[in-house]
Amino acid sequence: MVTSAMAERRFPSDFRWGTATSSHQVEGGNVRNDWWLFEQQPGRIKGGDRSGLACDWWRNAEADFDRMAALHQNAHRLSLEWSRLEPEEGRWDDAAVARYRQMLHGLRSRAIEPVVTLQHFTLPRWAAAGGGWESPRIVGWFAGYARRCAECFGDLAEAWVPINEPNVVVTLGYIMGRFPPAAHNILRAPRVTRHLLRAHAAAYRAIHAVGPRARVGTAHNIRILDPGPAPSRLAAALDRRAADANSWAFNWVWLDVLSGRAAHRVRRIGQVEECAGTVDFIGVNYYTREHVRFDPWRPQGGFLRSLRVPGEARSDGDYGEVYPEGLRRVLLDVWQRYRRPIYVTENGLPDADDDLRPRFLYDHLAALHAALEAGVEVRGYYHWSLIDNFEWTDGWALKFGLIAVDPATQRRTERPSARLYAEICRSGALPGADVLREFAQRP
Ligand code: BGC
């Protein structure tokens, strides 16, 4: 048991402590979206896995809501599945509305405040077939969906994220070809980015028109790109320039435009001035950093190649470096650039045997606390994830949960880090590092 006497670092009393999930990854049976179709194509998902029943939330999310409450969490970020709510263009499903109302009410009745994401990587089949993010029509489709969501759920949710990680949508969907529509064409990226930006801005306005007190932000993946060790000064200079250019394109363009910091400078994307000033808070999804080197033969990779630096701690499946200091760096950068309230809307790692997660959690929260002490307005932390879930092209291979899930039996098993996080959520403080010994044993 952690005692308050051991507590060293306190967080603000109204700090939000939670976890994050997304509809397709946990609900099960989401047959009407583009990802479901994608999963049926041979070779797309590791091991031929499918989302299937996922974590069975559509039928029984409440059992996991009970677990959140037992673990002292007071917030949860979840997403609505557009393809359930609007299975065909213009046809709204009342039963899906009722089920989401029940879920949001279920969270609130357990004193867990929801943050609602409207779109987390999946598109209704009809929208994907109509051109998806490449079609200008998606701006109107998405605005209509957002308005309707605000009308149906606005009494149960105040914080909204229209689109999860638009930079990942562009990079994995249109440049690297790993997510639907599996395109490998960087020339399609500006058009897709423009539509994502305009859809976000239209949703921002629609949600505020329905509920003026709503807060509408974004959840953005920020990946630190640091040059690796270089053989010469010229190579080091090239590595730095290439890293900075890619960091701007991946990490900052979206936020610069939405915050109004540089909408006018992003001319190649075009028509995005209307998007300025459409973000009330910034959600940071921080996972890892990459060491990079300039490589003239990799235009599709932004002229960058990843390096492994000896001594780096890496998580399961070579997912990425464990680099807690990066969270402090990112929070400071975001604060200095935009001066908006910040939430860490995702942070976690794949770690099936939980040998890294307790220390990961502890060190990232220490980094977050250091940012708070430096004056950054961070208001909450949402660990990815509460439970193991369908990890996109990695299927069920990567385990991000504080709680393990066997997708075949739906059996849940708490990992030690769930208890560590519960202690932190309960006390609102980071205990002395000696407490880690208690949680560092394997299950
Ligand atoms: C995504 C999640 C995903 C997580 C772990 C995030 O970028 O928003 O859907 O499961 O990364 O890879």
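Residues numbered from 1 in each chain as written. Predicted model: local features only at pLDDT ≥ 70, side-chain atom pairs only at ≥ 80, totals over all residues. Heavy atoms only, no water.

K.L.:
Would you explain the overall build of the protein in this entry?
P.N.:
Within the protein, the secondary structure is distributed over 15 helices and 13 strands. Over its C-alpha trace the protein gives a radius of gyration of 21 Å, about what one expects of a compact globule, namely 22 Å for 443 residues. Along the longest, intermediate and shortest principal axes, the C-alpha atoms of the protein span 60 × 55 × 45 Å. Burial status across the protein gives 60% buried among its 443 residues. For the protein, contacts bridging at least 24 residues in sequence account for 75% of all contacts bridging at least 6. For the protein, the accessible surface area stands at approximately 17,500 Å², while carbon and sulfur atoms represent 51% of it. Seen as two clouds, the 58 positive and the 53 negative side-chain charges of the protein have centres 4 Å apart. (Helix = DSSP H or I, 4+ residues; strand = E, 2+ residues; numbered from the N terminus. Rg over C-alpha atoms; globule rule 2.2 N^0.38 Å. Buried < 20%, exposed > 50% of the residue type's maximum accessible area, 1.4 Å probe, protein only. Contact = heavy atoms within 4.5 Å. Areas by Shrake-Rupley, 256 points an atom, 1.4 Å probe, with all protein chains shown as cover. Lys, Arg positive; Asp, Glu negative; His and termini not counted. Charge placed at Lys NZ, Arg CZ, Asp CG, Glu CD.)

K.L.:
Honestly, the packing of aromatic side chains in this entry has me stumped. Any pointers?
P.N.:
Given two aromatic rings, one states the distance between the centres and the angle between the planes to describe the pair. One pass over the structure, following the stated rule, counts 28 aromatic pairs. Look at Trp-17 and Tyr-421: their rings are 6.3 Å apart centre to centre, the planes differ by 70 degrees, and that puts the pair in the edge-to-face class. Taken together, the residues span a long stretch of sequence, with Trp-17 in strand 2 (residues 16–20) and Tyr-421 in helix 14 (residues 416–427) at a distance of 404 residues. Classification of Trp-17 by relative accessible area gives buried; the value is 3%. Tyr-421 gets classed as buried once you look at its relative accessible area, which sits at 0%. The interplanar angle of 80 degrees and the centroid separation of 5.1 Å between the aromatic rings of Tyr-319 and Phe-400 together place this pair among those described as edge-to-face. With Tyr-319 in the loop between strand 8 (304–307) and helix 12 (325–338) and Phe-400 in the loop between strand 10 (378–383) and strand 11 (403–406), this pair connects stretches of sequence that are 81 residues apart. (Phe/Tyr/Trp six-rings, centres within 6.5 Å; stacked < 30°, edge-to-face > 60°.)

K.L.:
Quick question: what am I supposed to make of the site of the ligand here?
P.N.:
The environment of the ligand is made up of 13 residues, and the closest members are Gln-25, His-120, Glu-165, Tyr-319 and Glu-391. Between the ligand and Tyr-287, the relevant distance is 3.5 Å, taken from an oxygen atom to a side-chain nitrogen or oxygen of the residue. At 2.6 Å, a side-chain N or O of Tyr-319 approaches an oxygen atom of the ligand. Looking at side-chain class alone, the shell around the ligand contains six nonpolar, four polar and three charged residues. (Near = heavy atom within 4 Å. Polar contact = N/O pair within 3.5 Å; in protein donor to acceptor, adjacent residues only side chain to side chain. Nonpolar A, V, L, I, M, F, W, Y, C, P; charged D, E, K, R; others polar.)

K.L.:
Is there a simple way to explain the environment of Arg-337 in this structure?
P.N.:
With respect to the helices and strands, the residue Arg-337 is situated in helix 12. Linking Arg-337 and Arg-261, residues 76 residues apart in sequence, is a C-alpha distance of 8.1 Å. Those residues within four positions of Arg-337 in sequence are excluded, and the remaining contacts are Trp-248, Trp-252, Asp-256 and Arg-261. A polar contact of 3.1 Å, which involves the side chain of Arg-337, links it to the side chain of Asp-256.

K.L.:
Can you walk me through helix 9 (residues 166–175) in this structure?
P.N.:
Of all the ten residues making up helix 9, ten are buried; the element is thus mostly covered by neighbouring parts of the structure. Within the sequence span of helix 9, burial applies to Pro-166, Asn-167, Val-168, Val-169, Val-170, Thr-171, Leu-172, Gly-173, Tyr-174 and Ile-175. Where helix 9 ends, the next residue or the one after it, Gly-177, has phi of about 70 degrees, a positive value.

K.L.:
Looking at this structure, I do not really get the pattern of salt bridges. What am I missing?
P.N.:
Close approach of charged atoms allows side chains of opposite charge to pair. Summed over all chains, the structure comprises 33 salt bridges. Between Glu-113 and Arg-16 there is a salt bridge, and its shortest N-O distance comes to 3.1 Å. Here Glu-113, found in strand 4 (residues 113–119), pairs with Arg-16, found in strand 2; they are 97 residues apart in sequence, far enough to count as distant. According to the relative accessible area criterion, Glu-113 is partly exposed, its value standing at 21%. Judged by its relative accessible area of 24%, Arg-16 falls in the partly exposed class. A salt bridge links Asp-64 to Arg-412, with the nearest nitrogen and oxygen atoms 2.7 Å apart. You can see Asp-64 sitting in helix 4 (residues 62–70) and its partner Arg-412 sitting in strand 12 (residues 411–414), a full 348 residues away along the chain. One continuous salt-bridge network, built from bridges that share partners, spans Asp-226, Arg-289, Glu-321 and Arg-329. (Salt bridge = Lys/Arg side-chain N within 4 Å of Asp/Glu carboxyl O.)

K.L.:
How do you make sense of the environment of Ile-224 when you look at a structure like this?
P.N.:
As for its placement among the helices and strands, Ile-224 is situated in strand 6 (residues 215–227). A sequence separation of 178 residues divides Ile-224 from Lys-46, and the C-alpha atoms of the two residues are 26 Å apart.

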